[in-house]
Amino acid sequence: MVESTVDLRVVNARVVTPEGTISGGVAADDGIVVGVGTESNLPDAAHEIDADGNYLIPGFVDPHVHWGLSRYEYDYHEGLEHDFETETRGAIHGGVTTVVNFLLQQEPYLPDMDFFERAGEQNSYIDFAYHAIVHQDHHVEEIPELAEAGIRSYKVFFNWYKHASPELGIDHSDAGRVYRVLDEVADVPGGVVMFHAENEDLAIERREELQAEGRNDLPAWSESAPNICEAMQIEQIGQLTEYTDSRAYIVHMSTGEGVDICERYQRKGVNLHAETLPAFLSHTSDQEDLGVWGKISPPLRGEASRTRLWEGLRTGVVDYLGTDHCPHKIEFKEKGEGKHGDIWEAIPGDNNGIEYFLPVMMSEGVNENRISMERLVEVCAANNAKRWGLYPRKGAIAEGSDADMVIVDLEKSAVVDDDFYHTMEPRYSTFHGEELTGLPTHTIVGGEVAVEDGELLAEPGDRTYLSRGPEGVTLERR
């Protein structure tokens, strides 16, 4: 009898590594990848999984989620604790093994850092990091100390939420504050300024015009913030980033015009990059059947933008993908008026994005030949980990990396219904009723099988806050 030498090995897999895809497997011990290669070169293990010839990829890194924003049931801190448990439970069912959450409060962040760390460590199923939303002058003043506390990315709403969703308490940010933040972050090693890029000065005028016409449909929401709203702001961000020699990142970019602007600045050597969302790659603004469930901010766009975003992903102009997962119970999303209620009053934002992230990108991307598996792993795992200082601990299947991995069956299908999700109840999303093909069969977190064939095997808690220093996160484990 051969003595077991490691905790886990996965065999008979197509393993996507930083060097390419190989046939073989992976060995993990004490939560760390200790071997990648052909099965004959892997040590024996206490537990072995046969991948049945399916892909084995690094767990996705979702760089864009908002836990704790449902002010209707909890205060912010209570909601943060609640959402870490419910939404990361969905994450591991969907193949996401690391998350970066946006902190949002009007008060200073630094006095609450111990709580923020503890909220995730005690309630999450996966390791986590933080961005900070900078929307008060004292937040700008906190940036150097936030960097010391491991938060090196700072989001500005430029100039959105001046009128939209005032209950979130996000103050207006104009070009002056944008300049101040970019200039401050230019001196932070690894620092990045993140932007919600929409011009609300134009959007409020269009919104009032459409409401005066009696419009109350999903296409009207898209028309109320036309493509030019995003393009105007990205152009300013590009100019200000070049002026300050800083680093900028456009969150949830939705337009083809945005891809064009980013490409132009990138060719000039400006550090301006962008993410997009599965919803923008899959849905268009004419899908009235989505009702208020399809009210996203920024809104869904036309087919030309959808096509251009896919092109940007393939060519490298758009180098990141996230979800903008913002959980609300359905009665709050709809403001009690149903799926086809008041489009203007409904909460903007998609739900359950973290759980459909991987299935949608497999179904709409890899299986439709819009993107290769290797490129998909880049934009959903490796690049997200690199941008936020988490690589190579996260985002890669390589010796020394955390053993966060997902087995994906490209032929496995499911209809997105109430039972598809494992997050906050009741469950809904823009993909409700659609069939997705390309699903996880196993999610491995820290070398332990967290989900197997839909069965939850893990418990929340005992996770790690990923504090990012000047060189990113350490490879040393606690």
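Residues numbered from 1 in each chain as written. Predicted model: local features only at pLDDT ≥ 70, side-chain atom pairs only at ≥ 80, totals over all residues. Heavy atoms only, no water.

(A) Structural view of the side chain of H442. Here H442 shows up in strand β15 (residues 435-445). H442 sits in the buried class, given a relative accessible area of 8%. A polar contact is formed between the side chain of H442 and the side chain of T441, at a distance of 2.9 Å. Reaching out from H442, the side chain makes a polar contact with the side chain of E452 at a distance of 3.3 Å. Residues in contact with H442, not counting those within four places in the same chain, are I49, M405, V406, I407, V451, E452 and D453. (Helix = DSSP H or I, 4+ residues; strand = E, 2+ residues; numbered from the N terminus. Buried < 20%, exposed > 50% of the residue type's maximum accessible area, 1.4 Å probe, protein only. Polar contact = N/O pair within 3.5 Å; in protein donor to acceptor, adjacent residues only side chain to side chain. Contact = heavy atoms within 4.5 Å.)

(B) Layout of the nonpolar core. Among the nonpolar cores identified, the biggest contains 132 residues, and I57, Y154, F195, I250, M362 and L376 are the most heavily contacted of them. Sorting elements by how many residues they give to this core places helix α12 (residues 353-366) first, with eight residues. Residue-level mapping places this core at the junction of two domains, with at least three residues from each of domain 1 (6-57 + 401-456) and domain 2 (60-388). With residues near it in sequence (within four places) discarded, M362 still touches I57, F60, N367, M373, L376, V408, L410, T437 and G438. Formed by 16 residues, the second largest nonpolar core is a distinct cluster that contains L8, A13, I397 and I444. (Core = buried A, V, L, I, M, F, W, Y, C linked by side-chain atoms within 4.5 Å. Domains from an automatic or database assignment.)

(C) Representation of the pairing of strand β11 (residues 247-250) within the structure. Burial along β11 is two-sided: R247 and Y249 facing one way and A248 and I250 facing the other are all buried. For strand β10 (residues 192-197) and β11, the ladder comprises three bridges, and the chain directions are parallel. Bridge pairing links M194 to Y249 in β11. Pairing analysis gives four bridges linking β11 to strand β12 (residues 271-276), with the strands arranged parallel. Bridge pairing in β12 places I250 opposite A274. (Pairing = 2+ DSSP bridges.)

(D) Region of the structure containing the sheet that holds strand β8 (residues 127-133). Read across the open sheet, the eight strands follow the order β6-β7-β8-β9-β10-β11-β12-β13; overall the sheet is parallel. Unpaired on one side and paired on the other, β6 (60-65) and β13 (320-321) mark the two borders of the sheet.

(E) Quick look at the environment of A132. Among the secondary structure elements, A132 is positioned in strand β8. Residue class for A132 comes out buried when judged on its relative accessible area of 0%. Measuring from C-alpha to C-alpha, the distance between A132 and L104 comes to 6.7 Å, with 28 residues separating the pair along the chain. Once you skip the residues sitting within four places of it in the chain, A132 turns out to touch L103, Y109, L146, I151, S153, Y154 and K155.

(F) Spatial organisation of the packing of α12 against helix α13 (residues 373-387). Where α12 contacts α13, the two axes come as close as 11 Å, and the packing angle between them is 145°. Of the two possible hands of crossing, α12 and α13 adopt the one that is right-handed. In contact with F357, M361, M362 and V366 of α12, α13 contributes M373, L376 and C380. Grouping the constituent residues of the contact of α12 with α13 by class yields seven nonpolar, no polar and no charged. (Axes fitted to C-alpha atoms, helices over the stretch in contact; angles between N-to-C directions. Left-handed = near helix turned anticlockwise from the far one by under 90°. Nonpolar A, V, L, I, M, F, W, Y, C, P; charged D, E, K, R; others polar.)

(G) Representation of the side chain of R427 within the structure. Structurally, the position occupied by R427 is in the loop between β14 (405-415) and β15. Within the local environment of R427, its side chain forms a polar contact with the backbone oxygen of Y421, the two atoms lying 3.1 Å apart. Within the structure, the side chain of R427 is placed 3.0 Å from the backbone oxygen of T423, a separation counted as a polar contact. R427 has contacts with R89, N352, D418, Y421, H422 and H432, leaving out every residue within four places of it along the chain.

(H) Expanded view of the packing of aromatic side chains. Applying the stated rule across the entire model yields 16 aromatic pairs. Seen in terms of ring centroids, Y249 and W388 are 4.8 Å apart; in terms of plane orientation they differ by 70°. Their pairing is edge-to-face. Placement of Y249 in strand β11 and of W388 in the loop between α13 and β14 is noted, with a sequence separation of 139 residues between them. Overall, the relative accessible area of 0% leaves Y249 in the buried class. Within the aromatic cluster, the residues linked to one another by ring pairs are F84, F115, F116, F128, Y130 and Y465. (Phe/Tyr/Trp six-rings, centres within 6.5 Å; stacked < 30°, edge-to-face > 60°.)

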